[in-house]
Amino acid sequence: MVSQFTSSHVPLDPAALAESLRPFGQSRMLPRAAYVDQAVFDWEQQYFFGAGWLCVGRSDQVAGGGDQRAEPAGLGSVLLTRSDEGVLRAFANTCRHRGHELLPCGASANQGVIICPYHAWTFGLDGSLRAAAGFKSRPGFDATQWGLRELPCTEWHGLIFVAGSVQAPPLDDALRTLDEILAPYELSRLVVAGTHEYHSNANWKILTENYHECYHCPSIHPELCRVSPPKSGDNYDRPGTWVGGTMDLRDGMATMSLDGASHGVPLRGLDAQVLRTVIYVNVFPNVLISAHPDYVMVHRLLPLAPNRTKIECSWAFAPEAVARPGFDPSYAIDFWDLTNRQDWGACESVQRGLTSPHATPGPLSPAEDAVYQYVTMVARGYLGQPVWNNGTASPVTASPVAAAS
């Protein structure tokens, strides 16, 4: 079962966290150690990335019957499979014989069974043990007891989420209010037409905090400011394990691109008002969804170390746009590739600055209310409280990974 933990387990000073939880306008950022200490990083891998729901990829990466893919998740990794009937499953990526990975992280395969590359133990796509050389006639060996460890998984708007606990509450409960906002974009219908992989020498939380404010935009994003006013939009104030808000497009601009022009088509479910805005939301802990009038960009963060993060970025468009002869997604990709790199550079400088023993948590400006929502979410999780925006009571907590049995 999922057990709770107390503040004594947290590798941070509770008094310092209390400063982050003070009312907006009085609070401070997270303690310096939250960004630089290995012990904090290890704790986050176990609890934030290994206990609750985690985005481990896109549905189109495991789309067909026999598709298999392995992805990191907390302290270990998960193996995703899709049956011929379309059923998606997730398993701990470890063979029940000697623990060998069934697939290397980031690798994909397509076959009707799962074969461990070490001793060829063979499992069905449902995780059941099908063959184990030398064990068939062994007295007392019961193949039904040696299937793969299955984990809860679900698909949400074209993304795959896996929970490290077999008793995780439904993801839909945690994201119900966000679902209402994203539903018109029909993310599951869109087609990914471009991907980039980045490696940033910055803590994963610094990257997310940067994402949640445009206070920095006039300083480092001149291209963005030309198409979207940096002081525009509003942040959402709704319960759930997510944080985010909107920004407007300037008059005469159709989307976020270097010249403000769109070379795709408007998404069919959007009304006139939404076609003039961009939505930026973070689903805790590791996915950023940026919904535009004509495309949706998704960042998936994979922490590698206290000061290193891998970022997988994808751009998805309406299928009728992608089907056009000569369709070129670079108008969106080039804009955000430039903006991403500007952001990573700033975040890496923050990381270097925080390595100084003289660095102390700073205050938040009035323009950083979404950063405040995010920081308080993280701080509550460190203290074993519900990881839930606005402090709303919820069963979603950061808890240790329970062993599946």
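Preceding this paragraph is the structure being described.
From a predicted model like this one, the values you see are computed outputs, not experimental measurements.

### Section: the packing of aromatic side chains
Phase 1 of the analysis: The tally for this structure, following the rule as stated, stands at 23 aromatic pairs.
Phase 2 of the analysis: Each ring, one from F49 and one from W204, has its centre 4.8 Å from the other, and the planes form 85°; the classification is edge-to-face. Of this pair, F49 sits in the loop between α3 (38-47) and β1 (53-58) while W204 sits in helix α5 (residues 204-211); the two residues are 155 residues apart in sequence, bridging distant segments of the chain. Like W204, F49 is buried.
Phase 3 of the analysis: Ring geometry for F135 and F141: centres 4.8 Å apart, planes at 45°, overall tilted.
Phase 4 of the analysis: Given the relative accessible area of 16%, F135 is considered buried.
Phase 5 of the analysis: Members of the aromatic cluster, joined through ring pairs, are W43, Y47, F48, F49, W204, F284 and Y382.

### Considerations on the pairing of strand β14 (residues 277-283)
On a regular strand, one side chain projects to one face of the sheet and the next to the other, so that they alternate.
Phase 1 of the analysis: Counting buried residues in β14 gives seven out of seven residues, a clear majority hidden from the surface.
Phase 2 of the analysis: Here β14 shows two buried faces, one formed by T277, I279, V281 and V283 and the other by V278, Y280 and N282.
Phase 3 of the analysis: Pairing of strand β13 (residues 242-248) with β14 involves seven bridges; the strand directions are antiparallel. The residue bridging V243 from the neighbouring strand is N282, located in β14.

### Examining the side chain of S232
Phase 1 of the analysis: Mapped onto the fold, S232 is located in the loop between α7 (222-227) and β13.
Phase 2 of the analysis: The exposure class assigned to S232 is buried, which follows from its relative accessible area of 15%.
Phase 3 of the analysis: Leaving out residues up to four positions away in the same chain, S232 has contacts with T246, M247 and D248.

### Things to note about the layout of surface pockets
Phase 1 of the analysis: Reported here for the largest pocket is a volume of approximately 620 Å³.
Phase 2 of the analysis: Every residue lining the largest pocket is counted, 34 residues in all, and those nearest its centre are H212, E213, C214, P230 and M247.
Phase 3 of the analysis: When residues of the lining of the largest pocket are traced back to their parent elements, those giving at least two are α5, α6 (217-220), β13, β16 (295-305), α9 (330-354) and α10 (369-382).
Phase 4 of the analysis: Examining the composition of the lining of the largest pocket, we find that five residues originate from one element, α9, more than from any other.
Phase 5 of the analysis: Its residues assigned to classes, the lining of the largest pocket comprises 16 nonpolar, 13 polar and five charged.
Phase 6 of the analysis: Of the pockets and cavities examined, the second largest pocket occupies roughly 410 Å³.
Phase 7 of the analysis: M29, I206, E209, E213 and V350 are, among the 23 residues lining the second largest pocket, the residues nearest its centre.
Phase 8 of the analysis: Sorting the residues of the lining of the second largest pocket by element identifies α5, α6 and α9 as the ones contributing at least two each.
Phase 9 of the analysis: Class assignment of the residues belonging to the lining of the second largest pocket gives a composition of 14 nonpolar, five polar and four charged.

### Quick look at the packing of α5 against α10
Phase 1 of the analysis: For the pair α5 and α10, interaxial distance at closest approach is 8 Å and the crossing angle is 150°. If you check the angle between α5 and α10, you find them roughly antiparallel. Crossing handedness for the pair α5 and α10: right-handed. Residues W204, K205, T208 and E209 of α5 touch α10, and the partners they reach there are V371, Y374, V375, V378 and Y382.
Phase 2 of the analysis: Here the contact of α5 with α10 is built from residues that sort into six nonpolar, one polar and two charged.

### Focus on the packing of α5 against α9
Phase 1 of the analysis: With their axes 10 Å apart at the nearest point, α5 and α9 run at an angle of 130° to one another. On the basis of their axis angle, the class for α5 and α9 is oblique. Between α5 and α9 lies a crossing of right-handed hand. Residues I206, L207 and N210 of α5 touch α9, and the partners they reach there are D343, W344, C347, V350, Q351 and L354.
Phase 2 of the analysis: Per-class residue counts for the contact of α5 with α9 are six nonpolar, two polar and one charged.

### Observations concerning empty space enclosed by the protein
Phase 1 of the analysis: Scanning the model with the defined rule gives one cavity of 30 Å³ or more in all.
Phase 2 of the analysis: A volume near 40 Å³ is recorded for the largest cavity.
Phase 3 of the analysis: Residue lining of the largest cavity: P184, Y185, E186, R189, L190, L267, R268, G269, A318 and E320, and that is the complete set.
Phase 4 of the analysis: Class assignment for the residues of the lining of the largest cavity results in five nonpolar, one polar and four charged.

What counts and what doesn't
- Residues numbered from 1 in each chain as written.
- Predicted model: local features only at pLDDT ≥ 70, side-chain atom pairs only at ≥ 80, totals over all residues.
- Heavy atoms only, no water.
- Phe/Tyr/Trp six-rings, centres within 6.5 Å; stacked < 30°, edge-to-face > 60°.
- Helix = DSSP H or I, 4+ residues; strand = E, 2+ residues; numbered from the N terminus.
- Buried < 20%, exposed > 50% of the residue type's maximum accessible area, 1.4 Å probe, protein only.
- Pairing = 2+ DSSP bridges.
- Contact = heavy atoms within 4.5 Å.
- 1 Å grid on protein atoms, 1.4 Å probe; cavity = no way out; pocket = protein on both sides within 12 Å on 5 of 7 lines; lining within 4 Å.
- Points joined across faces, edges and corners; volume = space filled by probe spheres on them.
- Nonpolar A, V, L, I, M, F, W, Y, C, P; charged D, E, K, R; others polar.
- Axes fitted to C-alpha atoms, helices over the stretch in contact; angles between N-to-C directions.
- Parallel < 35°, antiparallel > 145°, perpendicular 65-115°, else oblique.
- Left-handed = near helix turned anticlockwise from the far one by under 90°.

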